[in-house]
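Residue-level structure breakdown
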Amino acid sequence: MAHERIGKFEKIGYGVGDLASGLYLNFFGVFLFYYFVDLGGVAPAAIALMLLLSKLVDAVTDPVMGAIADRTRTRWGRYRPYLLFGAIPFGFVGAAVFAMPQLAPGPMLIWAYVTYTLAMLAYTAVNVPYSGLLGVISPSASERASVTAYRMFFSSLSGIAIGIFGTTLVRELGGADEARGIFLTMTLIAALGALCIFTSFATTRERIPPAHTNGSVWGDLRVLVRTGPWIAVAIAAILGVLAIASRAASAKFWFKYVVGDDGTPVFLFLDRLGLFLTALALGQVSGVIIGNILQRKFEKRNLIIAAGALKFVAILYFYTLPLDAVWPQTLVQYFVGIGFGMLMVGAFAMFTDIAEYVDWKSGLQMTGLVVAASVFAVKVGVGLGSALPGFAMDLTGFDPGGAQTTGALLGINLAFALIPAASLLPAMVAMLFYRLDRALIRQVEAELSTRRATPV
C-alpha cells in the first residue's frame, strides 16, 4: 500500500527540533563537568554521582512521559502540544544550570542537583514527545528512516555549532571570566533551542491515528522489556553513546592537563578542543549521510556493528598518536564521528520500527512509551559517559587547577580513550541479537496498514 510522502519542508522542520536537543547535550557534555569541577571546585566524584542519580529520576519520568503522551488527545495531536508548551521552560532551566558561578563548592553542588534535574525534566517533557512524533509522522518505515536522517543531520550540526562557535563564544563572551562565558553562551543556546522546538511544532503533522483505547502503563512496560529487539538496540545505544560522552566530558581535561594546551587557536579561531569537537561533528554529519544511504540496501543491524567497529579502531588509534599530532588526531576523530553518525541514524530508525513491531505483534499502540524508553537509553549513555571521568579522575587523585600526578593523568586517559573503546565491544555483540530484518518490517507495514484501514 502506497503511503503519503513527506515533503522536504516538513522533514527539515522536524529535524530542526533535534538541533535544540543536540545543542543542549553537546554543550552540557563538554562544559558541565568542567564548569562544576575545575571552575566550581566541586569534587569530581560528587558531580559524577549527581549525573548518575539524575538517571534514576529519568528512569521514572521518561516512560511516564511517553505513556502520558500516548494517551494525550488534543486538536494538535498526541505529541505536538508538548513542543508548543514545553519550549520556553526547556530554554529557561537549561540556562539556569550555569547561572551561579560564585557559589562555594557545597552550595554549588546543591545548585547543580536542583537545576540539572529540572533541566533534564524539561528535556524529557519536550524530547520524549518530539521523538514519539517521529513514530507517527508516517506509517512507512522508509519515510520514517528518511525523516530520521534529517533529524540526525541537524543533531550533527549541533555538534559542529558547539565545536566551532561554542568554545569561541565562551572565550570571547567571558574574556578572563570563563564561567561567565559559559553562562552567556548557554543562554544564547537556550533561546535558539526554544525557537527550534516551536519550528518543529509548526511544520509537522501526525499521520497515524491514535488507538481508541490504551492498555495500562505497567502492562505496556512489561511488553516492552520482553521485546528482544528493543533490548538489543537499547544496549547498543547506551554503550555507543557512553563512548562519545566520556570522551567529550574528559576532552577539556585531556587537552589542558595531558597535552598542556593553553587554549590558543590553532586553526583560524579554533583552539584544539574546538577543532576536536568540530571534527567529531563533521564526521557525524558524514556518518548520518552514509548511514541513510546504506540502510536502503543493507540491514540496519549490520551497519551499526560496522559503525561500532570503526569507532573502536579510531579511538584506539587516536590514543597511539603523538600528543602534538594535531592534524592526524583531527582526521582520526573525524572517523570516530562517522561511526557515531551511522550508529545514531540506524538506532533511531530502529526504535520507530520496534514501535510498529510491538503494535503488530501485541496490538498495543505505545509509540511514545517505546521511544521514551529508547530516549532514556540514550540519556543513560550520556549520564554514564559523563560520570565516568569523575570517578576515574577522583580515584586517581585529580587536583583541579594543579599539577597532575602520573596516576591522575592515567585517570584522564582512561576516561578519554580506553574506557570508551572498551565499551564498544559489548555494544557490537548486543546487535547480533537484533532480529527485525527488512523483510519482516515490510510484512509489519503491510498488515498494520490493512488493520488500520479496517473500521472498528
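Just above, that's the structure.
Summarised in this report is the structure supplied together with it. All residue numbers refer to position in the chain's written sequence, counted from 1. Only residues with pLDDT of at least 70 are given local features in this predicted model, and only at 80 or more are side-chain atom pairs given and counted; all residues enter the totals for whole chains, interfaces and linings. Heavy atoms throughout the structure, all of them, feed into the side-chain values; hydrogens and water do not.

Observations regarding empty space enclosed by the protein
Using a grid of 1 Å spacing that covers the protein atoms alone, one calls a set of points a cavity when a 1.4 Å probe fits there but cannot get out, and a pocket when the set is open and has protein on both sides within 12 Å along at least five of seven lines; lining residues are those with an atom within 4 Å of a point. Grid points are joined across faces, edges and corners, and a volume is the space filled by probe spheres set on the points. Scanning the entire structure with this criterion turns up eight cavities of 30 Å³ or more. Reported here for the largest cavity is a volume of approximately 500 Å³. Looking at the largest cavity, it is lined by 31 residues, and the ones nearest its centre are Leu 25, Asn 26, Ser 155, Phe 340 and Val 382. Numbering of helices and strands runs from the N terminus, with a helix taken as a DSSP run of H or I at least four residues long and a strand as a DSSP run of E at least two residues long. Contributing elements (two or more residues each) for the lining of the largest cavity: helix H1 (8–39), helix H4 (105–136), helix H5 (141–174), helix H8 (228–259), helix H9 (272–294), helix H11 (326–362) and helix H12 (367–395). Of all the elements, H1 adds the most residues to the lining of the largest cavity, at seven residues. We call Asp, Glu, Lys and Arg charged. Ala, Val, Leu, Ile, Met, Phe, Trp, Tyr, Cys and Pro are nonpolar, and the rest, Gly among them, are polar. Of the residues belonging to the lining of the largest cavity, the class tally is 18 nonpolar, ten polar and three charged. Empty space within the second largest cavity amounts to approximately 80 Å³. Together, Leu 25, Phe 28, Gly 29, Leu 32, Phe 33, Leu 51, Tyr 116, Ala 249, Val 382 and Ser 386 line the second largest cavity. Contributing elements (two or more residues each) for the lining of the second largest cavity: H1 and H12. The biggest single contributor to the lining of the second largest cavity is H1, with five residues.

Description of unusual backbone geometry
Look at Leu 268: it is not a glycine, yet its phi comes out positive at around 55°. Along the chain, Leu 268 turns up in the loop between H8 and H9. Partly exposed residues are those whose accessible area sits between 20% and 50% of the maximum for their type, while under 20% is buried and over 50% is exposed, using a 1.4 Å probe and protein chains only. Look at Leu 268 and you get exposed, because its relative accessible area is 69%.

Re the packing of aromatic side chains
What counts as a ring pair is set by centres within 6.5 Å for rings of Phe, Tyr and Trp (its six-membered ring), and what kind of pair is set by the plane angle: stacked under 30 degrees, edge-to-face over 60, tilted for all other angles. For the coordinates displayed, the defined rule picks out 29 aromatic pairs. With 5.7 Å between their ring centres and 65° between their planes, Phe 318 and Phe 416 make a pair best called edge-to-face. Note that Phe 318 is positioned in helix H10 (residues 300–320) and Phe 416 in helix H13 (residues 406–431), a separation of 98 residues in sequence. Like Phe 416, Phe 318 is buried. Linked through ring pairs, Tyr 24, Phe 27, Phe 28, Phe 31, Tyr 35, Phe 36, Phe 90, Phe 98, Tyr 116 and Tyr 123 together constitute an aromatic cluster. The ring of Tyr 34 carries Lys 252 above its face, with NZ or CZ at 4.8 Å from the centroid. Throughout this description, the term charge over a ring refers to an Arg CZ or Lys NZ atom that lies within 6 Å of the ring centre and within 35 degrees of the ring normal.

Some words on the pattern of salt bridges
Charged atoms that come close allow side chains of opposite charge to pair. Salt bridge, as used here: a side-chain nitrogen of Lys or Arg that lies within 4 Å of a carboxyl oxygen of Asp or Glu. Throughout the structure, instances matching the rule amount to 13 salt bridges. Between Glu 172 and Arg 171 there is a salt bridge, with the nearest N and O atoms lying 3.5 Å from each other. The class for Glu 172 is exposed, based on a relative accessible area of 55%. Residue classification places Arg 171 among the partly exposed residues on the basis of a relative accessible area of 25%. The partner of Asp 359 in a salt bridge is Arg 451, with the nearest N and O atoms 3.6 Å apart. Separated by 92 residues along the polypeptide, Asp 359 in helix H11 and Arg 451 in helix H14 (residues 438–453) bring together distant segments of the chain. Here Arg 451 falls in the partly exposed class, since its relative accessible area comes to 38%.

Section: H4
Spanning 32 residues, H4 covers 46 Å between terminal C-alpha atoms, matching the ideal 46 Å at 1.5 Å per step. Considering bend angle alone, the principal kink of H4 is centred on Thr 124 and spans about 25°. For a helix, the expected span equals 1.5 Å multiplied by the residue count minus one. Note on bend: the value at a residue is the angle between axes fitted to the seven residues ending there and to the seven starting there.

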